[in-house]
Amino acid sequence: MNKINYDDLLFTVPEASKILKVEQKTVRNLIAKGFLQALKLGRVKIRKVEIERFLQWSQGKDLTDLNNVKELN
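Residues numbered from 1 in each chain as written. Predicted model: local features only at pLDDT ≥ 70, side-chain atom pairs only at ≥ 80, totals over all residues. Heavy atoms only, no water.

Participant: Is there a simple way to think about the sheet that holds strand S2 (residues 39–41) in this case?
Facilitator: Within a sheet, neighbouring strands are paired by backbone hydrogen bonds and run either parallel or antiparallel to one another. In space, the three strands of this open sheet follow the order S1-S3-S2, with antiparallel pairing throughout. Two strands close off the open sheet at either side, each with one partner strand: strand S1 (10–12) and S2. Going across the sheet, the axis of each strand differs from the next one's by a mean of 50°, ignoring polarity. As paired elements, S1 and strand S3 (residues 43–47) share three bridges and run antiparallel to each other. What sits directly across from phenylalanine 11, in S3, is isoleucine 46. Those strands touched by helix H3 (residues 48–58) are S1 and S3, and its axis lies near 60° from that of S3. (Pairing = 2+ DSSP bridges. Helix = DSSP H or I, 4+ residues; strand = E, 2+ residues; numbered from the N terminus. Axes fitted to C-alpha atoms, helices over the stretch in contact; angles between N-to-C directions. Contact = heavy atoms within 4.5 Å.)

In structure tokens, the structure reads:
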């Protein structure tokens, strides 16, 4: 199992899924819905600053249903 270097500037979908502690499919869905911005350099990659932005924005939100994001109660 590869260790993730958190000082990296770019993460692959598998690395981002480990950081966010979700399935790779969830990361791909977040990208498809526009909640997480990515770029493609060979493979899809997510910038470290984008993961940090997403985590800041999503704090206090329920993202269980990406079609109906709401505040946590």
